[in-house]
Amino acid sequence: MPVSLPVFAPLIDAHQRRVSYLRVSLTDRCNFRCTYCMPAEGIAHRPRAEILTFEEIERVVRVFVGLGVSRVRLTGGEPTVRKDVTAIVARLAAISVPGASGGSPLNVVMTTNGHRLVALAEPLAEAGLREVNVSIDTVDADKFSALTRGGDLARVIAGIDAARAAGLVVKLNAVALAKLSPADLGALCDFAWARGIVPRFIEPMPMAAGAFYKEDNTLAAAGIRDAVAAHTGEAVIAAAGAGPSHGPARYFCPQTRPAHRFGIISAMTEHFCDTCNRVRISATGDLHTCLGHDDATPLSPLLRGAATGAELVDAIRGALDHKRPGHQFLRTGAGGPTKAMVAIGG
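Residues numbered from 1 in each chain as written. Predicted model: local features only at pLDDT ≥ 70, side-chain atom pairs only at ≥ 80, totals over all residues. Heavy atoms only, no water.

## Structural notes on the environment of D84
With respect to the secondary-structure elements, D84 resides in the loop between β2 (71-75) and α2 (85-93). When the C-alpha positions of D84 and F54 are compared, they lie 9.7 Å apart, and in sequence the two are 30 residues distant. (Helix = DSSP H or I, 4+ residues; strand = E, 2+ residues; numbered from the N terminus.)

## Some details on the packing of α2 against helix α3 (residues 117-127)
Running from N to C, α2 and α3 cross one another at 25°; their axes reach a closest spacing of 8 Å. With respect to their mutual orientation, α2 and α3 come out roughly parallel. The element α2 and its partner α3 pack so that their crossing is right-handed. Listed contacts from α3 to V85, T86, V89, A90 and A93 of α2 are L120, P123, L124 and A127. Considering only residue class, the contact of α2 with α3 consists of eight nonpolar, one polar and no charged. (Axes fitted to C-alpha atoms, helices over the stretch in contact; angles between N-to-C directions. Parallel < 35°, antiparallel > 145°, perpendicular 65-115°, else oblique. Left-handed = near helix turned anticlockwise from the far one by under 90°. Contact = heavy atoms within 4.5 Å. Nonpolar A, V, L, I, M, F, W, Y, C, P; charged D, E, K, R; others polar.)

## Structural notes on the pattern of salt bridges
One pass over the structure, following the stated rule, counts 14 salt bridges. The partner of E234 in a salt bridge is R257, with the nearest N and O atoms 3.2 Å apart. Taken together, the residues span a long stretch of sequence, with E234 in the loop between α7 (221-232) and β9 (236-238) and R257 in the loop between β10 (250-254) and β11 (262-265) at a distance of 23 residues. Overall, R257 belongs to the partly exposed group, its relative accessible area being 28%. Members of the salt-bridge network, linked through shared partners, are E55, E58, R62 and R91. (Salt bridge = Lys/Arg side-chain N within 4 Å of Asp/Glu carboxyl O. Buried < 20%, exposed > 50% of the residue type's maximum accessible area, 1.4 Å probe, protein only.)

## Let's talk about unusual backbone geometry
Cis geometry marks the peptide bond from G76 to G77; its omega dihedral reads 5°. Along the chain, G77 turns up in the loop between β2 and α2. Phi at Q16 is positive, roughly 65°, even though this residue is not glycine. Residue position: Q16 is located in the segment before β1 (21-25). Given a relative accessible area of 62%, Q16 falls into the exposed group. A positive phi angle is found at R149, which is not glycine, with a value near 55°. Take R149: it is sitting in the loop between α4 (141-148) and α5 (153-165). Residue class for R149 comes out partly exposed when judged on its relative accessible area of 38%.

## A few points about α7
Counted at 1.5 Å a residue, the expected span for α7 with its twelve residues is 16 Å, and the 17 Å between its end C-alpha atoms agrees. When we look at burial in α7, the residues that qualify are A221, I224, R225, A227, V228, A229 and T232. The positive-phi residue at the C-terminal boundary of α7 is G233, with phi of around 75°. (Expected span 1.5 Å × (residues − 1).)

## Description of the sheet that holds strand β14 (residues 297-298)
Strands sit in the order β9-β10-β11-β8-β7-β6-β5-β2-β1-β12-β13-β14 across an open sheet of twelve strands; the sheet is mixed. Here the strands that pair on one side only, and so sit at the sheet edges, are β9 and β14. Where strand β12 (residues 278-281) and strand β13 (residues 286-288) come together, two bridges link them in antiparallel fashion. Among the inter-strand pairings, I281 is bridged to a residue of β13, identified as L287. The strands that helix α6 (residues 182-194) touches are β7 (169-175), β8 (198-202), β10 and β11; relative to β8, the one it contacts most, it runs at about 150°. (Pairing = 2+ DSSP bridges.)

## Things to note about the packing of aromatic side chains
Here the structure, examined in full by the defined rule, presents two aromatic pairs. Aromatic side chains F32 and F144 sit 6.2 Å apart centroid to centroid with 80° between the ring planes, which places their arrangement in the edge-to-face category. Here F144 lies in helix α4 and F32 lies in the loop between β1 and α1 (54-66), a separation of 112 residues in the sequence. For the pair F32 and F144, one class covers both residues: buried. Here the guanidinium or amino end of R71 rests over the ring plane of Y21, the centre of that ring lying 5.5 Å away. (Phe/Tyr/Trp six-rings, centres within 6.5 Å; stacked < 30°, edge-to-face > 60°. Lys NZ or Arg CZ within 6 Å of the ring centre and 35° of its normal.)

This is the structure in structure tokens:
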């Protein structure tokens, strides 16, 4: 039975952007070591005692839903390595989003590397998950293993198929790397389109102070469109009906094949800051209003103290009052935020 909660005035930042989308990191741990994300030995993890409990996550999500959030994405690290991950999905899916018709279940979705989806897809769907974005940069098994430092492509593909069989909406996320050939990008499109899945290509960003960012390994949005056009032999156009969506992706398709959509998330070359509708909570409870800046508001002390719901609302609104108009990613290896992507969940 959906659980209702207090309704507050909508969450609007100082630049009149309304927040309706919350990303919540469940863990800073990951079972892959992708070359553009972290070193081979991994990163220093925060102590488990600092990681938000499911009860704390549920409480803060309830507050955000009361402020107008209707979609929550669970991220990591890798969210499926969190013990009993289906339990937090069930908790959040039971929250009712207020509406004129009496409310509707919260839209709970997830981004995952797919390694554990064969076992988890059906339980996650039964718990109330609606959608998974699976990170897969290439469908060449050897290149995939090298990029992820040991990832098993066949296992990830089996997980994708298990998610589809469980009734989950599936999208693919691929980091657009110049060292992968145009043929890799085309093969990934064909793989996705054959399954009725939308692939999305993400420009690399200089997170972790640019530690893993290489300018010469970045494929920009224009290059992605050119590669798809070359692969399909058709001009690429904006997909019909591809107006504002839940997230930052813009969607395109070959001119005569509207069903073959693909998305581009172009934080570096084609900014979308003016339509930003989302904020992020780290696994330790820090509220980040922008991926491209290090400033954050710690919510954990409030969640673990005697703070009232009104005090949580005040802290969240205070953070949004200082949300920047846009990021300042530099197209060099330095100058980006010091926080690592694996620690904030993208």
